[in-house]
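# Coordinate inspection notes
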Amino acid sequence: MSTYRLDSLLAPKSVALIGASPRANSVGRSIIENLRAAGFPGAIHVVNPTHRVIEGITTVKDIGELSDAPDLAVITTPPAAVPHVVEAAASKGVKTAIVITAGLGHGAGSLSEQAVRSARSRGMRLLGPNCLGLISPLHRLNASFAGTMPRAGNLALISQSGGVAAGLVGWAASRNIGFSAIVSCGEQADVDVPDLLDHFALDRATRAILLYIESITDARKFMSAARAAARLKPVLVLKSGRHREGAAAAATHTGALAGSDEVYEAAFRRSGLVRVMDLSELFDAAATLEKVNIPRGDRLAIMTNGGGIGVLAIDRLVDFGGRPAKISSQTLDRLNGILPPTWSKSNPVDIIGDADADRHARTLQILLNDEDVDAVLILHVDTTLAPAAETAMAVCDATQAHRASRFPAKPALAVWVGADAATEAIFRDAGVPHYATEAEAVRGYMHMVGYERARRALMETPPALSATHYDRSAAQTAINAALAQGRRWLDPIETAQVLCAYQIPALPVRAATTPEDAASAASEFLKNAHAVAIKILSPDIVHKSDVAGVRLNITTAADAAQAAAAILRDGRKARPDARIDGVAVYPMVVRPNAREVFVGIADDPTFGPVIAFGRGGTAVEIINDKALDLPPLDLKSAHELIARTRVSRMLKAYRNVPAVRTDELAQVLVHISNLSADFAEIRELDLNPIVADETGLSILDARISVAAAAQRGAGNPRFAIRPYPKHWETPISTRSGLRALLRPVRPEDEPLFATFLRAISPDDLRLRFFAPIKDFGHEFIARLTQIDYDRAMVFLAIDETNGDMLGVAGLHADANHESAEYAILVRSDLKGHGLGWSMMEQLVKYARREKLRRIEGEVLKENSTMLQMCEELGFFVTDDRSDPAVRHVALQID
């Protein structure tokens, strides 16, 4: 249900507490005390069947006795009573409820399921059960049993743990950190983390989101909401349970990754979230994000009156992946004019131990004005010449003067070693983040840098993959054959068929049931290869080397027969229970400069398919050099996946060894991603080892595990990120005979947009965007090309003859996935050909398939062509009350 009625939850006009108690130290009494102490301006109702007055408030026996339905009900009754209370509140018309009570159970028939069913039948939203409640300082609402009320601020905290939420509230109060809201979501029977991410992403009072999670239940919903939020503001995530054991006894090297924390790490990276590892780090991040702007880069200038602490800060900066700013020559000249000759003349800027408050302030002003500096960290050691409080005041004055003169202002952060409460208050009042140590300050700064890097990464345009033609039917035939026989693993022949169908360079292979068949197959391969390899062929033996099931460097047919006989004998002896169908014969590949890597697909219980890359060979688990990502992959994300491994350094040229063709490895990763997108039946895949050198690559061993899929034909439903919806590619022919391909947009389509927009007349651009448009930058186009297919669809009309872009039509759904706003733009020289009509029909068809209820849009009154088309398609056209030049159009979808 997403953000539906969350405004009533977080900013109610009236509250009813159901289950309030006069008993000291009870949850019900704590909540009513918190509601009153926070100064909630609306009506507070108390429901209790036995006590007439609680905390000075006259009670009612049942919520039905109230004259008006409150916006929010807070429920603290015993578990057995909760479903009845929810039913009564929903019947009364209460919009939202917080179920503080624990012990409602899970699943069909549970008390929790009964409560949610009653609420949803009448459109009431539920937060919880088993939660701390929520605090909305901006609205003076404390509907929780937290021990402290934080001040109003611009941070939103979403926590699956009430204890973590309460702890952060207490810490924030001591540091004067403010919040727009704090929400403990408990067991998420209805309102969940993605719903809250969607809400706070668009909340103007929220500058950054802090997220504590223990697990994710709906991976696709979470990824969609997280990616949308991270494009708009920083989202920092702390996840517990990093070292839980993963899947036991996995059948493949890649399969061993399933369920590991590394998959969560990949998900956070892919969604643009910045991960922190403990509460201390989250606190540091909160202190930073609430007070300063996000820096435009990672170049930090460090200013200090103590040289040693400055060097320590540089060390931590490099440890955390930041860059010491290179002080410009102009800035060096200015600093030389105010600092003693013995100053450091580099970063860190050591202004010498005799620096007074004025020298601190003047140096800071110069550094903040350097265009090669993105932020400044001031480190101060107390001296008689620079008393802590006096120097802090001078630094804060300089910082505030900079903020008044520049937008956006650069961040300034402070560490006053051993600062007392009075000094800390100076920084707090001035809005300058203050830390106890240089390590905490650098880490807080790097959280901001991490967000900006993640945001830019989300907006980067990937390179286009060369035209690919997959033989899906061949791959489906091989997979169906295994499923029909009840086999979990494809045999080598089927595996090679699937890989070749997706342009993945598998070695040719021949199956042999007897030693004589093996000799015949070897003779065929030895015509072009110097040797062959023979491996045991068994659906029950995955790791062939464990049963002596591999023989290499066989150069004659006679040796091949002997090797096959030995493999069959040893295999039956080692695994008498296994089905052994024979052997597989492969040509051997000679690559003197080869490096061994692996590529695989793991089946994660939360996030579905996960793609892995790393150091290959038989010691893959021992070496443990791997990186993970969530599909779908493009060439950019594939190259980044490779680069996150140690083996990536070995892929480069060194000494007399040429570099590996990493472009070909990246292409294999993309092809594997597309294979997984097309076939939900594939559960595990291992290509290990892949030997790669300057001439190319070869896959020496490959295994594919399959299982029946619940759904086919519309992309892999188990992807956490919805893949490219190829099934929406549609050839069209307009009434004028114009032929084109309507297809969903891809991130690499940015160059097409740039050319297309240059072919649109200024007047057509004005009609579309309601204002004259002269320049379309990268970020503008990226928002059109890099969409979340779970939330939006943009169709391009592509000329079938030359690949030119002829038009674009988009639908962007609201967070509740009920209504979508449309937009259409046709190349100016093609107006009147019926292309806009065809694209609008496609949008309506898509909206109907996606179960959207309504398509809406805003059209200038002078755009008569668009208004006429809308009326002919059945749109309801009305005047816009706020703008007489605009008309609102809406189409109700059946």
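Shown above is the structure to which this text applies.
For the structure given in this document, a descriptive report is provided here. (Residues numbered from 1 in each chain as written. Predicted model: local features only at pLDDT ≥ 70, side-chain atom pairs only at ≥ 80, totals over all residues. Heavy atoms only, no water.)

This part takes up the environment of G608. Of note, G608 is situated in strand β26 (residues 608-615). By relative accessible area, G608 is classed as buried at 7%. Between the C-alpha atoms of G608 and V263, which are 345 residues apart in sequence, the distance is 9.9 Å. Not counting the four nearest positions on each side in its chain, G608 is found in contact with A602, D603 and R718. (Helix = DSSP H or I, 4+ residues; strand = E, 2+ residues; numbered from the N terminus. Buried < 20%, exposed > 50% of the residue type's maximum accessible area, 1.4 Å probe, protein only. Contact = heavy atoms within 4.5 Å.)

This next bit is on the packing of aromatic side chains. How two aromatic rings sit relative to each other is given by the distance of their centres and the angle of their planes. All chains considered together, the criterion is met by twelve aromatic pairs. Ring geometry for F222 and F268: centres 6.5 Å apart, planes at 65 degrees, overall edge-to-face. With F222 in helix α7 (residues 219-230) and F268 in helix α8 (residues 261-271), this pair connects stretches of sequence that are 46 residues apart. The two residues F222 and F268 agree in class, both being buried. Judged by centre distance (4.3 Å) and plane angle (20 degrees), the ring pair of Y470 and Y502 falls under stacked. Of the two residues, Y470 sits in the loop between α15 (438-459) and α16 (472-484) while Y502 sits in the loop between α17 (492-501) and β21 (510-512), which places them 32 residues apart along the sequence. Here Y470 and Y502 have matching classes, each one buried. Over the ring of Y264 we find K239, and its NZ or CZ is 4.4 Å from the ring centre. The aromatic ring of Y586 is capped on one face by K535, whose charged end is 4.9 Å from the ring centroid. (Phe/Tyr/Trp six-rings, centres within 6.5 Å; stacked < 30°, edge-to-face > 60°. Lys NZ or Arg CZ within 6 Å of the ring centre and 35° of its normal.)

With omega at 15 degrees, the peptide bond leading from N347 into P348 counts as cis. Each neighbour pair has its own omega, and for F407 with P408 the value is -5 degrees, a cis peptide bond. As for its placement among the helices and strands, P408 is situated in the loop between α13 (388-405) and β19 (412-416). One non-glycine residue, Q503, lies in the positive phi region at around 60 degrees. Following the sequence through the fold, Q503 ends up in the loop between α17 and β21.

Once that is clear, we can look at the pairing of strand β11 (residues 178-184). Counting buried positions along β11 yields seven of seven residues, so the element is predominantly enclosed. Relative to β11, strand β10 (residues 151-159) is paired through seven bridges, and the arrangement is parallel. Paired with L157 across the bridge in β11 is I182. At this point the chain moves from β10, through helix α5 (residues 162-175), to the parallel β11, and the crossover so formed is right-handed. (Pairing = 2+ DSSP bridges. Right-handed = clockwise from strand over helix to strand, strands pointing away.)

Our focus in this paragraph is α17. Of all the ten residues making up α17, seven are buried; the element is thus mostly covered by neighbouring parts of the structure. Along α17, the residues that are buried comprise P492, E494, T495, A496, V498, L499 and A501. On the buried face of α17, the contacting elements are α16, β22 (532-537), β24 (582-587), α23 (662-678), β28 (682-693) and β30 (702-706). Its side-chain oxygen placed 3.0 Å from the backbone nitrogen of I493, D491 serves as the N-cap of α17. Phi for Q503, located one or two positions after α17, is positive at around 60 degrees. (Polar contact = N/O pair within 3.5 Å; in protein donor to acceptor, adjacent residues only side chain to side chain.)

Let us look at the side chain of R220. Along the chain, the position of R220 falls in helix α7. One polar contact links the side chain of R220 to the main-chain carbonyl oxygen of N716, over a distance of 3.3 Å. If near-sequence neighbours (up to four positions away) are discounted, R220 is found in contact with N716, P717, F719, A720, R722, P723 and D790.

So, about the packing of α7 against α8. Contact geometry of α7 with α8 gives a least axis separation of 8 Å together with a crossing angle of 40 degrees. Overall, the two elements α7 and α8 adopt an arrangement that is oblique. On α8, the residues that touch F222, M223, A226, R227 and A230 of α7 are A267, F268, R270 and S271. Residue classes in the contact of α7 with α8 are distributed as six nonpolar, one polar and two charged. (Axes fitted to C-alpha atoms, helices over the stretch in contact; angles between N-to-C directions. Parallel < 35°, antiparallel > 145°, perpendicular 65-115°, else oblique. Nonpolar A, V, L, I, M, F, W, Y, C, P; charged D, E, K, R; others polar.)

What follows is about the pattern of salt bridges. Scanning the entire structure with this criterion turns up 62 salt bridges. As a salt-bridge pair, D298 and R323 come within 2.8 Å of each other at their nearest N and O atoms. One end of the pair, D298, is in the loop between α9 (279-289) and β15 (299-304); the other, R323, is in strand β16 (residues 323-324), and 25 residues separate them in sequence. On the accessibility criterion, R323 (46% relative accessible area) is partly exposed. (Salt bridge = Lys/Arg side-chain N within 4 Å of Asp/Glu carboxyl O.)

Tracing the sequence through the fold places R551 in strand β23 (residues 550-554). The exposure class of R551 is partly exposed, given its relative accessible area of 23%. Counting along the chain gives 20 residues from R551 to A531, while the straight-line C-alpha distance between them is 11 Å.

The set of residues buried in helix α21 (residues 635-643) consists of L635, K636, S637, A638, L641 and I642. Tucked inside the fold, the buried residues of α21 contact α15, β26, β27 (626-629), α22 (647-650) and α23.

Looking now at the sheet that holds strand β2 (residues 43-47). Taken together, five strands build an open sheet; the order of strands is β2-β1-β5-β6-β7 and the sheet is parallel. A strand with exactly one partner marks an edge of an open sheet, and here the two such strands are β2 and β7 (125-127). The mean inter-strand angle of the sheet, taken between neighbouring strand axes irrespective of direction, is 20 degrees. Relative to β7, strand β6 (residues 96-99) is paired through three bridges, and the arrangement is parallel. Within the sheet, the bridge partner assigned to I98 lies in β7 and is L127. Helix-sheet contacts for helix α2 (residues 27-37) involve β1 (14-18), β2 and β5 (72-75), and the interaxial angle to β1 is about 165 degrees.

A two-sided burial pattern is seen for β27, the buried positions comprising K626 and L628 on one face and A627 and D629 on the other. Across four bridges, the pairing between β26 and β27 is antiparallel. For I611, the partnering residue across the bridge sits in β27 and is D629.

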